[in-house]
Amino acid sequence: MATTAEDIAALQEKVRYLEGLVESYEQTLLDQANRLELAMQELKQQTSILQSVLNSIGDGVAVISKDGRFLLNNPASVRILGINVGEDNYKNWSENYESYRADGQPYDPNDLPLARAIRGEEVDEAEEFMRHWRRPEGVWLSVTARPLRDEKGQVQGGVAVFRDVTRRKRTERHLAAQYAVVRVLAEASTLDQAAHGLVRAACESLGLQFGAMWEVRQNLLHCLAVWPEQGEVAELVRLSQSPLGSDSRGLPVQVWKSGQPLWIGDLMDEDGSPRATAAWHAGMRTAFAVPIVSRTAVTGVLEFYSDQIRACEPDLIQLLGSLSSLIGQFCERKHAEEALRDSEALFHSLVETLPLNILRKDLQGRFIFANQLFCKNLGKPLNEILGRTDYDFFPRELAEKYRADDRRVLATQKVFEDIEAHVTPAGDKLYVHVLKAPVWDAAGKVIGVQVIFWDETARKVAEEKLQQTLAELARSNRELELFAYVASHDLQEPLRMVSSYCQLLQRRYKDKLDEDANEFISYAVDGALRMQTLINDLLAYSRVGTRGKPLVPTSSESALIKAMNNLKLAIEESGAEITHDPLPMVVGDTVQLTQLFQNLLGNALKFRGQEPPRISVGAERQGAFWKFWVQDNGIGIDPADFDRIFIIFQRLHSRDEYPGTGIGLAICKKIVERHGGKIWVESAKGQGAKFLFTLPAAEGSGT
Amino acid sequence: MSSITRPVEILLVEDNPGDVRLAVEALREGKVHVNMSVASDGVEAMEFLRREGRFADAPRPDLILLDLNMPRKDGREVLAELKADDDLKRIPVVVLTTSKAEEDIVKSYNLNANCYITKPVDLHQFIHVVRSIHEFWLTVVKLPPE
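Residues numbered from 1 in each chain as written. Chains lettered and ligands numbered in written order. Predicted model: local features only at pLDDT ≥ 70, side-chain atom pairs only at ≥ 80, totals over all residues. Heavy atoms only, no water.

Chemist: Explain the overall build of chain A residue by residue, including any values.
Modeler: Along its length, chain A carries 18 helices and 24 strands. By the burial criterion, 40% of the 703 residues in chain A qualify as buried. The contacts in chain A between residues at least 6 apart in sequence include a share of 55% that link residues at least 24 apart. (Helix = DSSP H or I, 4+ residues; strand = E, 2+ residues; numbered from the N terminus. Buried < 20%, exposed > 50% of the residue type's maximum accessible area, 1.4 Å probe, protein only. Contact = heavy atoms within 4.5 Å.)

Here you go:
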């Protein structure tokens, strides 16, 4: 082989070149290695920053690969979701978790934010409600998702950033519920009308599955509305139809009785009332209720059910509390409106149906109100009356009188009453009763006059007629008594002539006449004597009215004792025993009271039975009167004769059995009636008689 | 006494002739012996007592029986005049009338009647009354001298 220096040199040259090349490669490599090292260090640093950012931010971040594998989820995502999704595949999301849209509809798996991101779509702040067994109350998310693309723009995966907006959503829901309830209340005019809308609005806006509204009426809890009205809750709806007594079990009654909200987190724990059982079977798990309070009393109950087991949510209870107080206020307002309407209707109907003319005038005397009757009587429609004055409708003189009366009312601020006497154009009398009163405004300032007047002619005429009749009657009674008195007085004289001369005949000519004549004369004398007795009795009877003394406080006991003294002989002869209670002071005529007792005692002595007479006299207080009685053990009176015995000259027995004209009790009746009392008898034939009468008590005569 | 020295004089003031006769008959039946004069009303009675006109010779009565109800001048007026007259007021007056009215009784005594008697309807009682009047006023009672 030929090796030349040239060759060697060339080779050496090559070697040097190669050495140089190597050197430069080495340098480059070194440089590159250095650069790589730097880059690696930078990357490491960046990744660590990113990691710590992901670890520390409050928002949840999750990254999935194109095929749904979770590549990354930060600690916030675990906290927010309540689970670590690291091992899951997003494609199975809907199988593992419940997800709902904001409108409450379940999410279509293809519409889930990350599903859309790996299809290349961008999703901004989508709302998602997610719930699973570890978080049964669920969580509201606001999700923003983006596709992840490589440098060629190919989608390699997706990233989602989300936050917990449960609190906000709840507040929104509560606001929505409040708004819905306020709206329903604003549109309703009665609680009955509002009830269904209220329950529905509350359930829908709060995401509750069943609601009912109860009202306390006649100490029973009546269900006003339920929502929904059918479906799985049918049994619950049916149970709501009968009113609940205060002693029945179950949620609504408990709340009604306690007046406090009640939360039953798990219906399984409830006492097994029919409602709770029905609710459980309808899929309900949690129940709660709040009282509706109106004017400090529980007037109703709002009851709700949820198909989730939920721990007590104080803010929900608070919300329901505020809703029920809205409803309570509504009821109060409606009651007040109703009362106002009723009272207005009442006054309107009074003003328009009473036979009264009613009108009001302002301070200037202008009509500001007139009822229909006044318009009718004036013969003008209301619009032609308002704003005018009395001068427009009445003669000047009359209008001036009215104005003067009005001014007096305004000045004195007192009611003015007058009976005006008018003469109609036809010349008839017309009496008008007028009442005028000041009208005050709310501030207590007098703003006008109210006038009420009515035609009192009929009453006034009737009254005048009555007065005339009464005067006539009094005069006639007086005349009649006077007549009886004078007649009986003057009849005595001729009668005495008849009897005396008959007797003189008898005395002087007895032996000169025959037996017949003697008999005739004796009949004539007998008749005359009897007539004289009758006349005397009539005189005594009429004297009760015409010769009575004024009625003054009098001792009834001393009247009785006087009567007993007058009858001393008859009492002794009959062996009677008369007992009496202490008797009171009465307002009376002592002479007539003596006669009253004397006649009654006299009767008791006269109509005695086989036994010696036993007579008792007593009295007891009866309102403004004293009730007296005179009771005997005599022959008694048949009840059929009770009325007859008080009639003048009525007798129940022949003169041979018992003498007398039948005047005694008639006089008793007249005396008692003159005193303003009554007299009656209680008796049965053969069982004694009890005469009772009343006399007015004297002031302070005890009870 | 007057009854011994002269017959007893009685003035009956009475408008009803039936009553006058009855009184006369009663005196007769009662066997009472008196001189009885009659005045048929109050005017006549006062003329008699004052011996006026045709009564100039009238005796002064020992006793007056006076009816109350009469025409022209009634018994009450006679009684009032009589008892106001110093000369006549000592003559006892027996009011003899049909009336039983309380006010008549009270009024008569207020006018100083010496006694008041209601005429009984029964003749026998009337006779008894007349006899009693005589016995009491004209024998029992001591009267003032004329």
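Chemist: Help me get a handle on unusual backbone geometry, residues and values and all.
Modeler: The amide bond that connects Trp-227 of chain A to the next residue, Pro-228 of chain A, takes the cis arrangement and shows omega of -5 degrees. Here Pro-228 of chain A lies in the loop between strand E8 (220-227) and helix H7 (234-239). Despite not being glycine, Gln-218 of chain A shows a phi value in the positive range, around 50 degrees. Although it is not a glycine, Arg-72 of chain B adopts a positive phi angle of roughly 65 degrees. Looking at where Arg-72 of chain B falls in the secondary structure, it is placed in the loop between strand E3 (63-66) and helix H4 (75-84).

Chemist: Provide a residue-level description of a negative patch on the surface, including the pertinent values.
Modeler: Taken together, the side chains of Asp-514, Glu-515, Asp-516 and Glu-519 of chain A make up a negatively charged region of the molecular surface. The topology assignment puts Asp-516 of chain A in helix H14 (residues 515-546). (Patch = residues over 30% accessible without salt bridge, like charges linked within 9 Å, V, L, I, M, F, W, Y side chains within 5 Å. Areas by Shrake-Rupley, 256 points an atom, 1.4 Å probe, with all protein chains shown as cover. Salt bridge = Lys/Arg side-chain N within 4 Å of Asp/Glu carboxyl O. Lys, Arg positive; Asp, Glu negative; His and termini not counted. Charge placed at Lys NZ, Arg CZ, Asp CG, Glu CD.)

Chemist: Quick one: what's the story with the packing of aromatic side chains, residue by residue and with numbers?
Modeler: Residues and elements named next belong to chain A. For the structure on display, the rule yields 18 aromatic pairs over all chains. Centre to centre, the rings of Phe-210 and Tyr-305 are 5.8 Å apart; their planes meet at 50 degrees, and the pair counts as tilted. Linking Phe-210 in strand E7 (residues 210-217) with Tyr-305 in strand E12 (residues 297-306), this pair joins segments that are 95 residues apart in sequence. For Tyr-305, a relative accessible area of 2% corresponds to the buried category. Arranged with centres 5.8 Å apart and planes meeting at 55 degrees, the rings of Phe-367 and Phe-393 form a pair that is tilted. Of this pair, Phe-367 sits in strand E14 (residues 367-370) while Phe-393 sits in the loop between helix H11 (372-378) and helix H12 (396-412), placing them 26 residues apart in sequence. Residue classification places Phe-393 among the buried residues on the basis of a relative accessible area of 18%. Through a chain of ring-to-ring contacts, three or more aromatic side chains come together here, namely Phe-70, Tyr-90, Trp-93 and Tyr-97. Taking NZ or CZ as reference, Arg-285 lies 3.6 Å from the ring centre of Trp-280, over its face. One residue, Lys-690, lies across the ring of Trp-629, its end atom 5.1 Å from the ring centre. (Phe/Tyr/Trp six-rings, centres within 6.5 Å; stacked < 30°, edge-to-face > 60°. Lys NZ or Arg CZ within 6 Å of the ring centre and 35° of its normal.)

Chemist: Break down the confidence of the model for chain B for me, with residues and values.
Modeler: Low-pLDDT portions of the prediction should not be read for the details of their coordinates. Residue and element names in this part refer to chain B. Here chain B averages 86 in pLDDT, while 96% of its residues score no lower than 70. When mean pLDDT is compared element by element in chain B, strand E1 (residues 9-13) scores highest at 93, while helix H1 (residues 2-5) scores lowest at 48. Of the two predicted TM-score estimates for the complex, the pTM is 0.45 and the ipTM is 0.79. (pLDDT = per-residue confidence, 0-100.)

Chemist: Residues and numbers for the layout of surface pockets, please.
Modeler: Residues and elements named next belong to chain A. Quantified by volume, the largest pocket comes out at close to 1,300 Å³. Along its surface, the largest pocket is lined by 48 residues, and Asn-599, Ile-663, Gly-664, Leu-665 and Ile-667 are the ones closest to its centre. If you list the elements that add at least two residues to the lining of the largest pocket, you get H14, helix H17 (590-606), helix H18 (664-674) and strand E24 (689-696). At 10 residues, H17 tops the list of elements feeding residues into the lining of the largest pocket. (1 Å grid on protein atoms, 1.4 Å probe; cavity = no way out; pocket = protein on both sides within 12 Å on 5 of 7 lines; lining within 4 Å. Points joined across faces, edges and corners; volume = space filled by probe spheres on them.)

Chemist: Account for the sheet that holds strand E2 (residues 70-73) of chain A, naming residues and giving values.
Modeler: Residues and elements named next belong to chain A. Overall, antiparallel pairing links the six strands, which are arranged E2-E1-E6-E5-E4-E3 in an open sheet. At either end of the open sheet lies a strand with only one pairing partner, and these are E2 and strand E3 (98-100). Pairs of neighbouring strands in the sheet enclose a mean axial angle of 30 degrees, with direction left out of account. On top of the sheet, helix H5 (residues 166-187) reaches strand E4 (123-132), strand E5 (135-149) and strand E6 (155-164); it is set at about 120 degrees to E5, its chief contact. (Pairing = 2+ DSSP bridges. Axes fitted to C-alpha atoms, helices over the stretch in contact; angles between N-to-C directions.)

Chemist: Describe the sheet that holds E24 of chain A, naming the residues involved and giving the relevant values.
Modeler: Residue and element names in this part refer to chain A. Pairing within the open sheet is mixed, and its five strands lie in the order E19-E21-E22-E24-E23. Whereas interior strands pair on both sides, the edge strands pair on one side only; in this sheet they are strand E19 (577-580) and strand E23 (679-683). Geometrically, the sheet is characterised by an average inter-axis angle of 20 degrees between neighbouring strands, direction not taken into account. Relative to strand E21 (residues 614-622), E19 runs parallel, the two sharing four bridges.

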